[in-house]
Amino acid sequence: MLLCSWLNVFAGQKQAEEKQAAALQESFIWLQATKAGEQQYVAFRKTFNLKENIAAAQLRVFADNRFIIWINGQYVERGPARFDPKGPQYDILDIKPFLHKGKNAIAVLVHYYAVDSFTEWNEQNARMMEHTPGLTAALNIDFTNGTIFSLRTDETWAANKNTQYKASPGSYSSVPDNIDARLSDGDWSVAGYNDEKWEHARKISGSSWGKLSPRLIPLLKEQTLVPDRVVQQTTGANVHDSVQSLRALLPLEMEAGSELVIDIGKVRQAYHLLELDAEEGASLQVGHATLFYDHKKQPLIVSFIPHPEDRYIAKKGFQRYMGGDTHGFKYLVIKVLSGKIRLKSVAITERSYPYERMGSFTSNDTLLNTLWKVCVNTVEACSEDAYVDCADRERAQWIADGYKMSFPVARVALAAKEQNGTYTFGDARLLRKMIQDMGYSQVPDGRLQPMRPSVYPLINTHGVIDDYSCLWVQAAVEYYERTGDIAFVKQIWGQLQRAMDYFLNRKIANGLINAREFIYFDNPLKYVQCEGATINAFIYGSLQAIARMAKVLGDAKAFNRYAAEAVALYKSYNSNLWNERAGTYNAASFSDEGKAMTDNPKSFSLPYEGPLEPGKTVAPNYHAALMALYFNLVPADRHARVLHFLLNSFNKTTEQQMELWWPYTSRYLLDVLYREQRTDLSQTALNFIRNAFWHMTRYETATTSEGWWGGASVHESSAFPAYFMSAFVLGVRTVIENGKLSFIIKPNLGDLQHAEGTVLTEFGKTDVQWTFRDGGGSLHFSINTPKGATPVLYIPVMSERATLVLNGEMLVKAGKIKGELKRSGGYYVIPLKENRCRGIILKGQK
């Protein structure tokens, strides 16, 4: 009965929210007169009187492209979460703290960026799409006496496009401010402002947007801090490089040529708030830099455009300047271009996904300890309203970066705290939003754009990426297998099938699939259209995933089809790409059939200009071997030879290895090494992490970079070592086998003498500690798992004469197993029945 009651309440809430969404869809407003395709900042206002005590107040709001809200002069929120106009999502804000009896005012600044008005790709923002401008909002207030007050956006709202906010320059990443405070005739965010000269808003059709729905992800958290570390002060020709206290300097007189470089402590996605007195027309430039010391004490602002700094022209007297967009930065650079100001205060508000770091990693290797933190720092900085590739240069949502890099690290280290105080572990909401956003980009032939929402041209280099379309399918299936959210997968089931049908329609006579090769930069065949070994491996992995999903959904026809296609591709792969002499797979083959194939729309590709062997094949390379192993395409009788070929890449210097494996492909490499469950290969993996990533622990950003030494310096492409250290070194992880999620604890300590930490899974927090003592003769361990979880513990067999004691009970004595304990390879397998356990395993006498 309780379950039925709860379901009824949930159904009622869902129905009520659908009514709210429908009302919002009918309540869009904009200006009376506006020029199509012209960028505009438009302020909207609504005043109203409240006569009763407030019990609860909610504001639902959406705007295209972005908004900032004030109530009674107080900043409330900015948004919305990035969106595709086909699937707009509105925010639900608790605004009770901002309201009072008497006259109240809601003020909303809406920025229509007019992305298509910029002709250069690097000016067309990677977080927004060209569309119709509009605002819709609905306020609902419950009073303590049981009465209700509500209002919606309509023609009674006042609107004004002639405020202090001027058109911003185009930018691929953060939107630069262009503000002239002299144009402000007062604070239009407060109730007492006179808006009689403003025009009335015009009601517009909500049919320009897809069906509105509530925001999929939680509101971002905002945390304000006051920085105090000035690393450089410039006054005229004088440059002061010694560290100073900002508090000691303030208030600070600054004139043309004066500049402050303020260290905010770590890289954050944040906006600034400056308080200053100024003379009329004084001009400021505010920049957001990631590097200073590593750039010869010159602030480095990473951007695709020449001048990404904010510009602010001051009015006379006291004023506050709040940044209109967030930036990823470590150094705030304030420069006076003309006139004089008196800087009174500087504050920074970090704005990011509401993660809390609950995971940890500590060992006797300080390098690994630092690297784990650096990797998690990076994912935190790159988690906002999406998993973004980098916090500064792009802030773009790429499926490969988010799914294969950020998501695994977040699962083991970060949890999101809900409004009721509970935590979501294994939080997959950013992944779900990414999958949904990508789904909106599906092109007529079934492929998807790899980065969304954006206006990235389809025919450009990365307009569509075949292996990223495969990753989209794999991400959707893994999302279900980790969350059980069958309703979401049902919504996109047709799209998933169309994505796979694109590849199946490109199958040639020998059973291989002609497609564009794996695009990552270290692949010698990147961008080449062929029957490539790596892209066919990606396709095979996607066929297996979609077959599992079809089985869950009860779609027998689809299951039979995709399962059969997977089997057929497996056979063709091992027949047509196998190179017996080399003991591995050819990198690609070329057929005349492939030349005749066309895409809709046409995709970017490059001709192959390398040598061909008999049969129009490309000789084996390490990428082909790696992906064949990763996607389980290698039969058992060939496994050792292919692995041997792959491991030859380690018979090189670290520098040569790094030329073979970019950070992105190294993520697949480590996965293959650890999955072998061999002590020597676990050590190889650990050594690779140390030798290839050590230098990233010395970056002043305390984050990882895109390439080994270059690219964006706050990029999650290199953040994945934290996942492997938590999930494989400490050994706490969830695995998907036959479509089901299981929980295991299986350490791979390598040469570490001690390792401990907290690892998060979908089941909650697990604390582990592993310590070798007696010169490696004994392994002591303690484990604390979440209540209700039933993980399987794998304890490494120290020797054939080992003795194992768990919670005081001897399970193995001198190599002889007692009771129902099992052994699998080099591990004893123990289903844990208690949440806390302590144990020791001794090597014993030879």
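What this report covers is the structure whose coordinates are included nearby.

Rules and cut-offs
Residues numbered from 1 in each chain as written. Predicted model: local features only at pLDDT ≥ 70, side-chain atom pairs only at ≥ 80, totals over all residues. Heavy atoms only, no water. 1 Å grid on protein atoms, 1.4 Å probe; cavity = no way out; pocket = protein on both sides within 12 Å on 5 of 7 lines; lining within 4 Å. Points joined across faces, edges and corners; volume = space filled by probe spheres on them. Helix = DSSP H or I, 4+ residues; strand = E, 2+ residues; numbered from the N terminus. Nonpolar A, V, L, I, M, F, W, Y, C, P; charged D, E, K, R; others polar. Axes fitted to C-alpha atoms, helices over the stretch in contact; angles between N-to-C directions. Parallel < 35°, antiparallel > 145°, perpendicular 65-115°, else oblique. Left-handed = near helix turned anticlockwise from the far one by under 90°. Contact = heavy atoms within 4.5 Å. Pairing = 2+ DSSP bridges. Buried < 20%, exposed > 50% of the residue type's maximum accessible area, 1.4 Å probe, protein only. Core = buried A, V, L, I, M, F, W, Y, C linked by side-chain atoms within 4.5 Å.

**Here's the deal with empty space enclosed by the protein**
Then, number 1: The final tally for this structure, using the stated rule, is seven cavities of 30 Å³ or more.
Then, number 2: Roughly 360 Å³ of internal volume is contained in the largest cavity.
Then, number 3: Contributing to the lining of the largest cavity are 25 residues, with Arg66, Gly79, Pro80, Arg127 and Asp385 lying nearest its centre.
Then, number 4: Of all the secondary-structure elements, those providing two or more residues to the lining of the largest cavity are strand S4 (66-71) and strand S5 (74-79).
Then, number 5: Taken together, the residues of the lining of the largest cavity break down into nine nonpolar, five polar and eleven charged.

**A few points about the packing of helix H7 (residues 486-504) against helix H8 (residues 533-553)**
Then, number 1: Taken N-terminus to C-terminus, the directions of H7 and H8 make an angle of 140°; their axes are 10 Å apart at the nearest point. Overall, the two elements H7 and H8 adopt an arrangement that is oblique. The element H7 and its partner H8 pack so that their crossing is left-handed. Here H7 contributes Ile486, Val489, Lys490, Trp493, Leu496, Gln497, Met500, Phe503 and Leu504 to the contact with H8, which in turn contributes Ile539, Ser542, Leu543, Ile546, Met549, Ala550, Val552 and Leu553.

**A word on the sheet that holds S5**
Then, number 1: Spatial strand order, S5-S4-S7-S2-S10-S12: six strands in an open sheet with antiparallel pairing. Looking at the sheet topology across the chains shown, the edges are occupied by S5 and strand S12 (199-200).

**Focus: the packing of helix H3 (residues 366-381) against helix H16 (residues 721-729)**
Then, number 1: The geometry of H3 relative to H16 is characterised by a closest axis approach of 8 Å and an angle of 120° between their N-to-C directions. Looking at the two axes, H3 sits oblique to H16. Read as a crossing pair, H3 and H16 show a hand that is left-handed. Across from Leu368, Leu371, Trp372, Cys375 and Val376 in H3, the residues of H16 making contact are Pro721, Ala722, Met725 and Ser726.
Then, number 2: Considering only residue class, the contact of H3 with H16 consists of eight nonpolar, one polar and no charged.

**Side note on H16**
Then, number 1: Extensive coverage of H16 is indicated by the burial of nine of its nine residues.
Then, number 2: Among the residues of H16, Pro721, Ala722, Tyr723, Phe724, Met725, Ser726, Ala727, Phe728 and Val729 are the ones counted as buried.
Then, number 3: The elements touched by buried residues of H16 are H3, helix H4 (399-413), helix H14 (663-675), helix H15 (679-693), strand S36 (732-737) and strand S38 (754-761).
Then, number 4: Positive backbone phi, at 90°, marks Gly731, one or two positions downstream of H16.

**Notes on the nonpolar core**
Then, number 1: With 160 residues, the main nonpolar core has Trp472, Trp770 and Leu804 as its most contacted residues.
Then, number 2: If one sorts the elements of this core by residue count, H8 sits on top with twelve residues.
Then, number 3: With residues near it in sequence (within four places) discarded, Leu804 still touches Phe781, Ile795, Glu809, Met810, Leu811, Val812, Leu821, Tyr828, Ile830, Ile840 and Ile841.
Then, number 4: In terms of nonpolar packing, the next biggest core, distinct from the first, is built from 49 residues, Trp188, Val230, Met254 and Ala270 among them.

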